[in-house]
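The residues making up each chain are set out below.
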Amino acid sequence: MTRAASRIFSPIYDIIVAILDVIFGSLQRLIGITNMAYVFVLPNLLIFGIFILFPVILNFFYAFTGSTEFLLADRPYVGTQNFDQLFDCGSFLDPNSCREDLFWRAVFNTAGYVVFQVSLMVIISLFTALILNRKIKARGFFRSVFFYPVLLSPIVVALIWKWILQENGLFNGVLDGLGYDKVMFLTNVGWARFWVIIISVWAYMGFYTLILLAGLQAIPTTLYEAAQIDGATGWDAFRKITLPLLRPTMLVVIILSLIRAVQIFDIIFAFTRGGPGTATLTLVQYIYDIGFASPARRFGTASAASILMAGVLVVATLMQLYINREEN
Amino acid sequence: MSAVSNYLTRTRGKNSLHVTDMLTYLYLSLGTIIMFGPVLWLIISSFKSSGEVVKFPPRLLPYQQEMVTIEGYDEPLPLFNATLEDGSVRQLAQVRRIGLESQLVDPANPEEIIKVPIDQREPVEQVVFSLANYQEGIQSFNFARYLWNSVFVTVMATILTLLVNSMAAFALSKYKFRGRNTIFIIMISTLMVPISVILVPIFLVITQVGWNNTLIGIIVPGAATPTGVFLLRQYMLTIPDELIDSARIDGASEWRIYLQIILPLARPALAVLMIFSIMWRWNDFLWPKIVLTQSELFTLQVGLQTFQSDLTIQWHLILAMTVLTMLPITFVFAFLQKYITTGIATTGMK
């Protein structure tokens, strides 16, 4: 901070601290040193309780009550009707046979996205981390190169790529120059799904690369030296040393990327708005749409869907942890 | 130059450039293009004129037609290379266009009007990085308002987050009190509860508190981040208790200990949390989108998304506004990238 700024701010700061001194000092005399812990933990606990813990519990009340009323007092208890509605399907493999066909489309879209995005993300991040872990020049620079998009907001990421992929964009310009026809990347179902995956990998891979790189650098180099003396090839060393020792880090990466993939929303929302049609409609967008963006706000269904999503997240996390324990 | 050639000829073996080295650098160069290319393309495109932006196929650099001011004409006239009937090419300024015929004059001799079919003339262009899109965008997009909202939310939320999280972390790491473990476990277990799971009930709480359509409604709910508490607590555990004990013997109050011993010593962890908080808040979209419905309260992200989803996409303005939106975070990154990357690598969170 510059001297001028500190000259302005430090008296204000001193006054605030002095006032707080009086408050906290008398409080301490009143309740004793150990109980001061409650005072320190209180502000965080209040915000946490009111805006996280309480809503988690409230969510169940919404899920088991009906109507489009917003206040809980006005909502009649309907039992598991919201869940029944979501599961009211002729066949679970055919969204058209379901009462809430959009929900099932969102489920299938999200599932497909999760499978492809997470596997692609893990493979590319691991490969990039391995490359960055080699003896290369300017490692710091290249590390930042891959990391930079992580900081961009999802909206900005979506707009950057929309600009490139739109009908008259750069890619179609290149295709045109090569003598091919334009491709409707954003309005063709297959292409839209493909690019949604690519873009989110582009945006987030730097984050996972960084975590994996930290994991790689924690592996002692003496292990590799010993392996080399024993005549192991690079591939052997990778399989027998790198992969096993990287397992905990890999687990973190898989869980984190899985959790984030299940909840993907803003990038896709700004990129395709769930379109064309419902081709890239995801679970969170479904919840947002029926709970907040449609004229008749169906809070109960939205809550029920969000509880199902949370259930999937918890199960996925527990399964990963269990598998890891099993194998060790 | 020598640095580049050094870099290019670096080897894995003693002298020869091993094939894996070449592949490594090939991968890294390709990666650099893929990571930076799209951003660069956006930035270059944002300087193009509104006509140039919609042109297909797109050109790499922003071109603009050259204009000349000629005596006898009020407005500057566009310059063309016109092919005349005798096959000669002359640089002429266009006075007007009538149907398929263009009326041109020689800037050196403005009296005589030369008529040329419009397909016999090519505009004279030069590369111009024009700021027109930025000027027009800032006016039509209410940029200043959104920027102020975003800055306000980011700064306030970050201060609040650092304050309440560090206080809680202090209590959880340096005191033995009943309920400590319960509080800690409940907090950690909600690490995995994303806001998207509790959208409806948290919106109810905000509405009941009366914070619907207020900036405070997006500042406060995210302030008690379990991640922040966890990060700071783990760091504060490494601060020796003896320091606190001796301060107590010297008569310092608990508040003074927190302020003058704990906070300064926890500065590295606070810095990491500060950077994260800035990133979270600046880029946040879903929650502000739900809480804010009045456009004068929009943050940059919400404003930008609303702006681009209007029926008529005005790409030239969107491009400029997108660049402005990503500028601050890019600066933060440029100056703090070392702290950011090591912070994330050691905590495993974003």
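> Tell me what's going on with the overall build of chain A, and back it up with residues and numbers.
Scanning chain A from terminus to terminus reveals 13 helices and zero strands. For chain A, the N- to C-terminal ordering of α and β elements is α-α-α-α-α-α-α-α-α-α-α-α-α. Taking 328 residues into account, the globule formula puts the C-alpha radius of gyration at 20 Å, and chain A, at 26 Å, lies well above it. Based on the C-alpha atoms only, the size of chain A along its principal axes is roughly 75 × 60 × 55 Å. Looking at chain A as a whole, 48% of its 328 residues are labelled buried. In chain A, 61% of the contacts between residues at least 6 apart in sequence involve partners at least 24 apart. By element, 67% of the accessible surface of chain A is carried by carbon and sulfur atoms, the whole surface being about 15700 Å². Looking at charge distribution, chain A has the averaged site of its 22 positive side-chain charges lying 10 Å from that of its 19 negative ones.

> Which residues make up a nonpolar patch on the surface, and what values do they have?
Residues and elements named next belong to chain A. A cluster of nonpolar residues, Ile8, Phe9, Ile12 and Ile16, forms a patch on the protein surface that exposes about 400 Å² of accessible area. Position of Ile8 relative to the elements: it lies in helix H1 (residues 3-31). A relative accessible area of 56% places Ile8 in the exposed class.

> Report on the state of the cysteines, specifying residues and quantitative values.
Covalent bonding between the sulfur atoms of two cysteines defines a disulfide. Residue and element names in this part refer to chain A. Across all of its chains, the model carries one disulfide over all chains by this definition. With its sulfur 1.8 Å from that of its partner, Cys89 forms a disulfide with Cys98. When the S-S torsion is 105°, as for the bridge of Cys89 with Cys98, the disulfide is right-handed.

> Could you give an account of the interface of chain B and chain A, with specific residues and numbers?
Contact residues are listed per partner, giving 100 residues for chain B and 99 residues for chain A. Counting the surface lost from both chain B and chain A, the interface buries some 9000 Å², and carbon and sulfur atoms represent 77% of this. For chain B, the biggest contributors to the area lost against chain A are Met35, Phe56 and Trp255 of chain B; these three give 9% of the whole. Scanning the region where chain B abuts chain A turns up two salt bridges. Among the ionic pairs, Asp21 of chain B bridges to Arg134 of chain A, the shortest N-O distance being 3.3 Å. On the surface where chain B and chain A come into contact, there are 19 residue pairs in polar contact (both at pLDDT 80 or more). Counting residues per element, the side of chain B that touches chain A draws most heavily on helix H2 (residues 19-45) of chain B, at 16 residues. The residue inventory of the side of chain B that touches chain A, partitioned by class, reads 67 nonpolar, 23 polar and ten charged.

> Tell me about the pattern of salt bridges, residues and numbers included.
Applying the stated criterion to the full structure yields twelve salt bridges over all chains. The closest approach of N and O atoms between Lys182 of chain A and Glu167 of chain A, which form a salt bridge, is 3.8 Å. In this pair, Lys182 of chain A sits in the loop between helix H7 (170-177) and helix H8 (189-217) while Glu167 of chain A sits in the loop between helix H6 (154-165) and H7, placing the two residues 15 residues apart along the sequence. Classification of Lys182 of chain A by relative accessible area gives partly exposed; the value is 32%. Among the ionic pairs, Glu125 of chain B bridges to Arg59 of chain B, the shortest N-O distance being 2.8 Å. Of this pair, Glu125 of chain B sits in strand E8 (residues 125-127) while Arg59 of chain B sits in the loop between helix H3 (50-53) and strand E1 (63-65); the two residues are 66 residues apart in sequence, bridging distant segments of the chain. The class for Glu125 of chain B is partly exposed, based on a relative accessible area of 28%.

> Which residues make up the packing of aromatic side chains, and what values go with them?
Inspection of the entire model under this criterion finds 54 aromatic pairs over all chains. With a centroid separation of 5.5 Å and 55° between ring planes, the pair formed by Phe103 of chain A and Tyr286 of chain A is classed as tilted. On the criterion of sequence distance, the pair formed by Phe103 of chain A in helix H4 (residues 101-132) and Tyr286 of chain A in helix H12 (residues 283-293) is long-range, its members being 183 residues apart. We note that Phe103 of chain A, like Tyr286 of chain A, is buried. Among the aromatic side chains, those forming a connected cluster through ring pairs are Tyr62, Phe70, Phe265, Phe269, Tyr288, Phe292 and Phe299 of chain A together with Phe203 and Phe285 of chain B. Of note, Arg260 of chain A hangs over the ring of Tyr204 of chain A, and the distance from its end group to the ring centre comes to 4.4 Å.

> Give me the domain arrangement of chain B: which residues, what numbers.
Residue and element names in this part refer to chain B. Entries for chain B in the domain assignment read domain 1 (2-45), domain 2 (63-127) and domain 3 (134-347). Between domain 1 and domain 3, the C-alpha centre-to-centre distance is 36 Å. Each side of the interface is counted separately: domain 1 has four residues, and domain 3 has four residues. Buried area between domain 1 and domain 3, both sides added, is near 370 Å², and the carbon and sulfur share of it is 90%. The largest per-residue losses of area from domain 1 upon contact with domain 3 belong to Leu42, Ile43 and Ser45, which jointly make up 89% of the total buried on that side. Counting the contacts that link domain 1 with domain 3 gives zero salt bridges.

Cut-off values and rules
- Residues numbered from 1 in each chain as written.
- Chains lettered and ligands numbered in written order.
- Predicted model: local features only at pLDDT ≥ 70, side-chain atom pairs only at ≥ 80, totals over all residues.
- Heavy atoms only, no water.
- Helix = DSSP H or I, 4+ residues; strand = E, 2+ residues; numbered from the N terminus.
- Rg over C-alpha atoms; globule rule 2.2 N^0.38 Å.
- Buried < 20%, exposed > 50% of the residue type's maximum accessible area, 1.4 Å probe, protein only.
- Contact = heavy atoms within 4.5 Å.
- Areas by Shrake-Rupley, 256 points an atom, 1.4 Å probe, with all protein chains shown as cover.
- Lys, Arg positive; Asp, Glu negative; His and termini not counted.
- Charge placed at Lys NZ, Arg CZ, Asp CG, Glu CD.
- Patch = residues over 30% accessible without salt bridge, like charges linked within 9 Å, V, L, I, M, F, W, Y side chains within 5 Å.
- Salt bridge = Lys/Arg side-chain N within 4 Å of Asp/Glu carboxyl O.
- Disulfide = S-S within 2.5 Å.
- Buried area = accessible area lost by both parts, 1.4 Å probe.
- Polar contact = N/O pair within 3.5 Å; in protein donor to acceptor, adjacent residues only side chain to side chain.
- Nonpolar A, V, L, I, M, F, W, Y, C, P; charged D, E, K, R; others polar.
- Phe/Tyr/Trp six-rings, centres within 6.5 Å; stacked < 30°, edge-to-face > 60°.
- Lys NZ or Arg CZ within 6 Å of the ring centre and 35° of its normal.
- Domains from an automatic or database assignment.

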